[in-house]
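Here is what each chain is made of, one letter per residue.
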Amino acid sequence: MTKSMAGFKFYFRNNETWTIDREFIGDLWIKQVTTSYGRINGSDFQKIRPCAGFKIEIFQDGDHVQTDDINLGGLELGMFARALKYEDIEKMDIIFDDNSKELVYFPYLDKDTPGQEGLDNQYQTTKISKANALYIVIDPEKTVDDMYADKL
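Residues numbered from 1 in each chain as written. Predicted model: local features only at pLDDT ≥ 70, side-chain atom pairs only at ≥ 80, totals over all residues. Heavy atoms only, no water.

Colleague: Looking at this structure, how should I read the nonpolar core?
Modeller: The tendency in soluble globular proteins is for nonpolar side chains to be buried as a group. One finds Phe-10, Trp-18, Ile-56, Ile-58 and Phe-106 to be the most contacted residues of the largest nonpolar core, which totals 24 residues. Taken together, the elements giving at least two residues each to this core come down to β1 (5–12), β2 (17–21), β6 (53–58), α2 (79–85), β7 (89–96) and β10 (134–138). Counting residues in hydrophobic clusters, the runner-up holds six residues, among them Val-137, Val-144, Met-147 and Tyr-148. (Core = buried A, V, L, I, M, F, W, Y, C linked by side-chain atoms within 4.5 Å. Buried < 20%, exposed > 50% of the residue type's maximum accessible area, 1.4 Å probe, protein only. Helix = DSSP H or I, 4+ residues; strand = E, 2+ residues; numbered from the N terminus.)

Colleague: Looking at this structure, I do not really get the sheet that holds β1. What am I missing?
Modeller: Backbone-to-backbone hydrogen bonds join strands into a sheet, with any given pair of strands oriented parallel or antiparallel. Taken together, four strands build an open sheet; the order of strands is β2-β1-β7-β8 and the sheet is antiparallel. For this open sheet the edge positions go to β2 and β8 (101–105), each flanked by a neighbour on one side alone. Pairs of neighbouring strands in the sheet enclose a mean axial angle of 20°, with direction left out of account. Here β7 runs beside β8; their pairing, made up of five bridges, is antiparallel. Looking at β8, one finds that Asp-93 is bridged to Leu-103. (Pairing = 2+ DSSP bridges. Axes fitted to C-alpha atoms, helices over the stretch in contact; angles between N-to-C directions.)

Colleague: Hey, could you run me through the packing of aromatic side chains in this one?
Modeller: When we look at a pair of aromatic rings, we describe it by the centre distance and by the angle of the planes. Evaluation of the coordinates by the stated rule reveals nine aromatic pairs. Geometrically, the ring pair formed by Phe-8 and Phe-10 is tilted, given 6.2 Å between the ring centres and 50° between the ring planes. What makes Phe-10 buried here is its relative accessible area of 0%. When the ring of Phe-54 is compared with that of Phe-106, the centres are 4.7 Å apart and the planes differ by 45°; the resulting orientation is tilted. Remark: Phe-106 occurs in the loop between β8 and β9 (124–128) and Phe-54 occurs in strand β6; sequence separation between them is 52 residues. Assigned by exposure class, Phe-54 and Phe-106 land together as buried. Members of the aromatic cluster, joined through ring pairs, are Phe-8, Phe-10, Trp-18, Phe-54, Phe-80 and Phe-106. Of note, Arg-82 hangs over the ring of Phe-12, and the distance from its end group to the ring centre comes to 3.8 Å. (Phe/Tyr/Trp six-rings, centres within 6.5 Å; stacked < 30°, edge-to-face > 60°. Lys NZ or Arg CZ within 6 Å of the ring centre and 35° of its normal.)

See below:
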């Protein structure tokens, strides 16, 4: 039996999360997920799945916080406004219908001064369309304007 994707759980750099059900996701592309092994910040030796790029369209109905998410910024602003204000999505769980998960890391480069810990990702661009959908692109070479110019 094959698993199907049920949703995503985004992890922001400040430890907030945002879970989005599949029904609220439109266009989607995860580029070149590979498998590496290593340690992140002194953790145990583990399997790491980085991707080369990511783009997603999230429908207006996805602009909410689920009860499992601890997200003060999302409660105050709404998740679309939070994602626009802070471009700091670091990784995500792909959640499957059997409740299993696969963690994928996004390309990440701090916007702040090198050597200082910043939050915003130089590779992430985020915009809301005229139809009130949220578009996120996390890619070292392309922006949300490059990928979704016809929707914005």
